[in-house]
There are 2 protein chains.
Amino acid sequence: MLTKAELQRLRSLRDKKTREALGLFVVEGEKVVGELLAAGFPLEEIYATPEWPGRKTHIVTAAEMARASHFPTPSSVLAVGPIDRAPLPSGTLDRGLTLALDGVQDPGNVGTLLRLADWFALDRVVLSPDSADLFHQKTINASMGSFVRVRTHTADLAVALAGVAATTPILGCDLVGETVHELPALRDAVIVIGSEGRGLSPAVAARITRRVTIPRLGAAESLNAAVAAAIVCDNLRRAR
Amino acid sequence: MLTKAELQRLRSLRDKKTREALGLFVVEGEKVVGELLAAGFPLEEIYATPEWPGRKTHIVTAAEMARASHFPTPSSVLAVGPIDRAPLPSGTLDRGLTLALDGVQDPGNVGTLLRLADWFALDRVVLSPDSADLFHQKTINASMGSFVRVRTHTADLAVALAGVAATTPILGCDLVGETVHELPALRDAVIVIGSEGRGLSPAVAARITRRVTIPRLGAAESLNAAVAAAIVCDNLRRAR
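The rules behind these values
- Residues numbered from 1 in each chain as written.
- Chains lettered and ligands numbered in written order.
- Predicted model: local features only at pLDDT ≥ 70, side-chain atom pairs only at ≥ 80, totals over all residues.
- Heavy atoms only, no water.
- Least-squares fit on C-alpha atoms with pLDDT ≥ 70 in both.
- Contact = heavy atoms within 4.5 Å.
- Buried area = accessible area lost by both parts, 1.4 Å probe.
- Polar contact = N/O pair within 3.5 Å; in protein donor to acceptor, adjacent residues only side chain to side chain.
- Helix = DSSP H or I, 4+ residues; strand = E, 2+ residues; numbered from the N terminus.
- Nonpolar A, V, L, I, M, F, W, Y, C, P; charged D, E, K, R; others polar.
- Salt bridge = Lys/Arg side-chain N within 4 Å of Asp/Glu carboxyl O.
- Buried < 20%, exposed > 50% of the residue type's maximum accessible area, 1.4 Å probe, protein only.
- Domains from an automatic or database assignment.
- Pairing = 2+ DSSP bridges.
- Axes fitted to C-alpha atoms, helices over the stretch in contact; angles between N-to-C directions.

(A) Summary view of the relation of the copies chain B and chain A. Placing chain B over chain A gives an RMSD of 0.0 Å and needs a rotation angle of 180°, together with 0.0 Å of translation along the axis. A rotation of that kind, with that shift, is consistent with a two-fold axis. By residue overlap, the copies meet face to face through one surface: 100% of the interface positions of chain B are interface positions in chain A.

(B) The interface of chain B and chain A, seen in detail. In this assembly, 34 residues from chain B lie in contact with 34 residues from chain A. For the pair chain B and chain A, the summed buried area comes to about 3,100 Å², and 60% of that belongs to carbon and sulfur atoms. Area buried by chain B at its contact with chain A is led by Trp-119, Leu-217 and Arg-238 of chain B, which between them contribute 27% of it. The interface formed by chain B and chain A includes 22 residue pairs in polar contact (both at pLDDT 80 or more). Listed by contribution, the elements that provide at least two residues to the side of chain B that touches chain A are helix 3 (30-38), helix 5 (107-119) and helix 9 (225-238) of chain B. Sorting elements by how many residues they give to the side of chain B that touches chain A places helix 9 of chain B first, with eight residues. When the residues that make up the side of chain B that touches chain A are grouped by side-chain class, the tally is 16 nonpolar, seven polar and 11 charged.

(C) Highlighting the pattern of salt bridges. One pass over the full model with this rule turns up 18 salt bridges over all chains. Its salt-bridge partner being Glu-45 of chain B, residue Arg-9 of chain B comes within 2.6 Å of it at the nearest N-O pair. Of this pair, Arg-9 of chain B sits in helix 1 (residues 4-12) while Glu-45 of chain B sits in strand 2 (residues 45-48), and the two are 36 residues apart along the sequence. Between Arg-85 of chain B and Glu-20 of chain B there is a salt bridge, and its shortest N-O distance comes to 2.9 Å. One end of the pair, Arg-85 of chain B, is in the loop between strand 4 (77-82) and strand 5 (97-102); the other, Glu-20 of chain B, is in helix 2 (residues 16-22), and 65 residues separate them in sequence. What makes Arg-85 of chain B partly exposed here is its relative accessible area of 28%. Three or more residues are tied together by salt bridges with common partners; here these are Arg-19, Glu-20, Arg-85 and Asp-133 of chain A.

(D) Representation of the domain arrangement of chain A in the model. Residues and elements named next belong to chain A. What the domain assignment reports for chain A is domain 1 (4-82) and domain 2 (92-238). Counting residues at the interface gives 16 residues for domain 1, matched by 10 residues for domain 2. At the boundary of domain 1 with domain 2, total buried surface from both sides reaches about 1,100 Å², with 57% on carbon and sulfur atoms. Per-residue buried area on domain 1 facing domain 2 is highest for Arg-19, Phe-25 and Glu-35; these three make up 35% of the total on that side. Linking domain 1 with domain 2 are one salt bridge.

(E) Spotlight on the sheet that holds strand 7 (residues 152-154) of chain B. Residue and element names in this part refer to chain B. Overall, parallel pairing links the six strands, which are arranged 7-6-5-9-8-10 in an open sheet. Sheet topology places strand 7 and strand 10 (210-213) at the edges, where each strand pairs with a single neighbour. Across this sheet, the average inter-strand angle for adjacent strands is 35°, counted without regard to direction. Bridging between strand 5 and strand 6 (residues 124-127) involves four bridges; their strand directions are parallel. In the sheet register, Leu-99 faces strand 6, and the bridge partner there is Val-125. Of the strands in this sheet, strand 5, strand 8 (170-179) and strand 9 (189-194) are in contact with helix 9, which crosses strand 9 at around 160°.

What follows is the structure, given as structure tokens:
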């Protein structure tokens, strides 16, 4: 049984400002909630219909779930967890492989990039504050479970990149630059991916130390952000 | 000036069934309409506010555009064009590089795949009838102009693949198979990409002649459809 106030609160978590104010996010669906629980993620509230076999804190009816859900076809479970954005201790980017997102706007793209970082076992993903919200339901869903596995940080990228050791290259995709097929094995590197519409912000572009290009044979002006990141990661991992 | 009937007709083109019944699709935005016109695409009706500098067939007010538009922030132009799905003459897939989409559901993914095919100068993209609609506004927008440049066909993939010459490999991404990094230069090949949720349909999977795997170092279960296609295309083009 959900009171009107509880229902309203759950629905209000669709809004980023409310999520930030309450420090809570909401996530729905058997697969993603199951993955969060399996990973030991501290979900505080789990609303479920009687069909949901896992842990629950509130039993609700299918009609109540339909009203709380963000989806046209609601699932049997909806959960609420704490928003926890890890800052970026200085020196972190010097070691290992980092994917840095500079204003990637679409939550689906951010989720796809998390999934990619997970596939290629990158050490971390850093999001600029103007990237799509990590705790947006679409981000979490598009990550297909990688949301719980990939280490993420939120940081002002221009500042963070300014502090990176000179021995750690900062890679940016560009239409000119060294071809991605000739990238050497890099144990430490930061791969910066820009916004879908505007590319890299000027302050971040100024920090790129290696411009990498994906050979183009046809006429498209650019590639989707996740597609470009995938090709760079595959080539970096191949070079090992 | 838009009559109520005209407005209703434009809005009805958001619905696939109506598009099919009328044989018309609708597209909005300065960039995409500009690209279609520049490519000589036969747009039949162009509704624009006085700010639109290009060709127009109907001048409308900003308020009328706001009512006709699918977007929360309408642009200055909205156009209507004929739906024309090219069939696939037999023998077509024997030559060149083909990207075949087997039930890719998301119009954004289909658009991203068209853009990718354009970047890598693939010869064509074939969509199964259960893939997202090529004439969905989101497909056209996500293609970033590649919609007009890439040759597309719609065909029953299981039937089309059954007719492919034995000398033309049919590649499918899988968790097991030869590594994508060792793909030889293939002048003729079909790259088959499955649905986001279900992968390849059984009838199409039965036609795959080379299983290709993208080396995984981390824990993600799979990669996004466009991401996997990108990595295969980059490796195929690299092998040349």
